[in-house]
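Listed here are the chains, written in short residue letters.
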Amino acid sequence: MLALLLTRPEAGPATLRIEVADCQGERLPHPASATPPEAWEEHGRGLVIVESLAERWGFQPRRLVGKTVWAEIQLSPGSPS
């Protein structure tokens with residue numbers, strides 16, 4: 001599942017929140033800076049990109065099974081809406 005949510009506060013920049021859910025609750029994300037992937041590895045780069053673009057990110061368990069990983073990106077005042 002993928003969800004996008006745009007919030008527009010009365011003051012300050014708008015925030016885009018991106019959420020991606022899956023059913024693998026046993027595989028929790030960890031900061032990419034903690035364990036960078038080796039050059040030959042086929043995975044492990046997604047959070048490197050997220051950490052470089054997002055203001056903040058995190059995850060939360062889903063109700064029955066799995067987790068939702070989210071990231072928030074602050075949009076500049078001149079961004080298209």
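Residues numbered from 1 in each chain as written. Predicted model: local features only at pLDDT ≥ 70, side-chain atom pairs only at ≥ 80, totals over all residues. Heavy atoms only, no water.

Some words on the overall build of the protein
Along the backbone of the protein there are 1 helix and 4 strands. For 81 residues, the compact-globule estimate of 2.2 N^0.38 gives 12 Å, and the protein exceeds it by more than 25% at 15 Å. In terms of overall dimensions, the protein has a C-alpha envelope of 40 × 35 × 20 Å along the principal axes. The proportion of buried residues among the 81 residues of the protein is 19%. Contacts spanning at least 24 positions in sequence make up 45% of the contacts within the protein whose residues lie at least 6 apart. Roughly 6300 Å² of accessible area belongs to the protein as shown, and the carbon and sulfur atoms make up 58% of that amount. Put simply, the protein has 8 plus and 10 minus side-chain charges, and the middle of one group is 7 Å from the middle of the other. (Helix = DSSP H or I, 4+ residues; strand = E, 2+ residues; numbered from the N terminus. Rg over C-alpha atoms; globule rule 2.2 N^0.38 Å. Buried < 20%, exposed > 50% of the residue type's maximum accessible area, 1.4 Å probe, protein only. Contact = heavy atoms within 4.5 Å. Areas by Shrake-Rupley, 256 points an atom, 1.4 Å probe, with all protein chains shown as cover. Lys, Arg positive; Asp, Glu negative; His and termini not counted. Charge placed at Lys NZ, Arg CZ, Asp CG, Glu CD.)

Thoughts on the side chain of arginine 17
Within the secondary structure, arginine 17 is located in strand E2 (residues 15-22). Among the polar contacts made by the side chain of arginine 17, one reaches the side chain of glutamate 72 at a distance of 2.8 Å. Each residue touching arginine 17, except ones within four places of it in the same chain, is listed here: Ala3, Leu4, Leu5, Gln60, Trp70, Ala71 and Glu72. (Polar contact = N/O pair within 3.5 Å; in protein donor to acceptor, adjacent residues only side chain to side chain.)

What to know about a nonpolar patch on the surface
A contiguous nonpolar surface patch, about 320 Å² in accessible area, is contributed by Leu2, Leu4 and Val20. As for its position among the elements, valine 20 is in strand E2. (Patch = residues over 30% accessible without salt bridge, like charges linked within 9 Å, V, L, I, M, F, W, Y side chains within 5 Å. Salt bridge = Lys/Arg side-chain N within 4 Å of Asp/Glu carboxyl O.)

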